[in-house]
Amino acid sequence: MRVLIVGAGVIGSVYAGKLLEAGHEVVLLARGRRHSDLQAHGLILEDIESGRRTEVAVPSLSEPVAGDRYDLVMVPVRSEQLAGTFPILLGMTGDSDVLFFGNTLGRQAELVATIGGRALFGFPAAGGVRDGPVVRYVLIRQQKTSLGEASGTTTPRVLRLKEVLDAAAFPTRISASIDAWMLGHAAFVVPIGFALYRVGTDAARLATDPDTMRLMVWATRETFRVLVATGNAEIPANLRMLYLHLPTAFIVRYWRRVLAGPRGELWFAAHSRAAPEEMHVLADELQIALHRIGRPTPNLDNLLSHPAPT
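Values in this document were obtained by computation on a predicted structure and should not be read as measured data. (Residues numbered from 1 in each chain as written. Predicted model: local features only at pLDDT ≥ 70, side-chain atom pairs only at ≥ 80, totals over all residues. Heavy atoms only, no water.)

Draft legend 1. Structural view of the sheet that holds strand β11 (residues 145–148). Ordered by their spatial adjacency, eight strands build an open sheet running β5-β2-β1-β6-β7-β8-β11-β12, and the pairing between neighbours is mixed. With partners counted over all chains shown, the strands left at the sheet margins are β5 (60–61) and β12 (172–174), one partner each. In terms of strand pairing, strand β8 (residues 119–123) meets β11 through three bridges, oriented antiparallel. Note on β11: the bridge partner recorded for Gly122 is Leu147. (Pairing = 2+ DSSP bridges. Helix = DSSP H or I, 4+ residues; strand = E, 2+ residues; numbered from the N terminus.)

What follows is the structure, given as structure tokens:
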């Protein structure tokens with residue numbers, strides 16, 4: 001498969017590296033310092049958990065080459081950056097599928113209207129930080145890479161893409177409603193992000209703040225209950241079990257351990273710090289969806305009432 005990845009941040013870089021290892025042809029589209037680093041140093045990835053470091057040469061472009069064709073264009077950018085990719089995607093002459101690979105809650109109709117039937121949606125299962133030319137990352141094994149059609153149908157192209165990602169060491173699931181999956185994900189990640197904003201996006205500090213930790217857990221629990229009661233079947237089973245069937249004290253202890261260690265920074269704090277605009281968009285879309293449902297979520301409202309950086 002020939003893949004163009006539009007955006008060479010943490011997610012684009014990690015998925016590029018694994019796809020290259022699996023034998024696919026990958027081109028990264030990057031700009032500025034990141035483009036210069038890729039040209040000078042190649043793609044450098046460091047798996048924090050295993051300590052494994054890989055360095056591989058990868059073609060890097062600052063603009064697409066006219067006439068180039070790809071089987072897949074992957075777009076792993078933040079929600080506020082999506083519009084900036086439209087000129088690139090619409091200017092390409094091929095008919096490649098376009099995988100919007102990140103938070104697209106509330107944006108799918110717009111993206112389909114803009115790109116047409118080429119649009120696919122998904123969400124990665126990795127996190128990390130960039131340190132100069134080095135991408136330091138962790139794979140989130142508790143979460144599978146998710147894929148879905150806007151229509152909810154399981155098409156041959158999404159099955160083929162699942163096979164490709166599975167073979168590249170990314171266990172992948174196909175969602176019957178990717179928008180419902182995105183809504184459940186927002187209900188999970190927005191409380192963590194806004195809890196982090198209360199403590200200066202310091203994950204270790206949040207781990208020692210029992211009041212904010214409890215409020216974070218209560219906000220997700222009540223939101224999950226609303227979504228499940230209204231038929232959302234896309235909340236991952238492990239999160240449903242954690243939040244809907246286990247006591248608050250257990251959940252707080254679990255997240256305290258996560259947040260106190262390196263995963264707290266790499267899974268949550270780094271992204272919350274780097275992407276406050278995206279987190280605000282997610283919070284707004286989550287509240288819009290809950291308002292439509294018409295059931296109260298006082299703990300979430302309390303958590304989101306605290307000013308967060310913009």
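Draft legend 2. Geometry of the environment of Ala109. Tracing the backbone shows Ala109 in helix α4 (residues 108–115). As a C-alpha pair, Ala109 and Ala150 span 41 residues in sequence and 8.1 Å in three-dimensional space.

Draft legend 3. Structural context of helix α9 (residues 237–245). Within α9, burial applies to Leu239, Leu242 and Tyr243. The arc that holds the buried residues of α9, viewed along the axis, is 80°, so those residues lie on one side. For α9, the secondary structure elements touched by its buried residues are α6 (178–198), α8 (210–229) and α10 (248–260). (Buried < 20%, exposed > 50% of the residue type's maximum accessible area, 1.4 Å probe, protein only. Arc of directions from axis to C-beta. Contact = heavy atoms within 4.5 Å.)

Draft legend 4. Highlighting the packing of aromatic side chains. According to the stated counting rule, one finds twelve aromatic pairs in the structure shown. Between Phe224 and Tyr243, the ring centres sit 5.4 Å apart and the planes meet at 80°, which makes this aromatic pair edge-to-face. Taken as a pair, Phe224 in helix α8 and Tyr243 in helix α9 lie far apart in primary sequence, 19 residues in all. Of the two residues examined, Phe224 and Tyr243, each falls in the buried class. On the basis of an interplanar angle of 75° and a centroid distance of 4.9 Å, the ring pair of Tyr254 and Trp255 is categorised as edge-to-face. (Phe/Tyr/Trp six-rings, centres within 6.5 Å; stacked < 30°, edge-to-face > 60°.)

Draft legend 5. Just the environment of Gln108, in detail. Looking at the secondary structure, you find Gln108 in helix α4. Judged by its relative accessible area of 8%, Gln108 falls in the buried class. It is 9.9 Å that separates the C-alpha atoms of Gln108 and Glu149, two residues lying 41 residues apart in sequence. Not counting chain neighbours up to four residues away, the residues in contact with Gln108 comprise Phe121, Ala150, Ile178, Asp179 and Met182.

Draft legend 6. Fine view of the pairing of strand β10 (residues 134–139). Within β10, five of the six residues are buried, which leaves it mostly tucked inside the rest of the structure. Strand direction decides the pairing type here: strand β3 (residues 43–47) and β10, joined by four bridges, are parallel. Bridge pairing in β10 places Asp47 opposite Tyr137. Pairing between strand β9 (residues 126–131) and β10: six bridges, direction antiparallel. Pairing of Asp131 across the sheet is with Val134, part of β10. The hairpin formed by β9 and β10 contains two residues between the paired strands, and Gly132 there has a positive phi angle of roughly 65°.

Draft legend 7. Highlighting the sheet that holds β10. Overall, mixed pairing links the four strands, which are arranged β4-β3-β10-β9 in an open sheet. The outermost strands of the open sheet, each flanked by one partner alone, are β4 (53–56) and β9. Each neighbouring strand pair of the sheet contributes to a mean axis angle of 25°, computed without reference to strand direction. Running over the sheet, helix α2 (residues 32–41) touches β3, β9 and β10 and is turned about 90° from β3. This element, helix α11 (residues 262–274), spans β9 and β10 of the sheet and lies at about 70° to β9. (Axes fitted to C-alpha atoms, helices over the stretch in contact; angles between N-to-C directions.)

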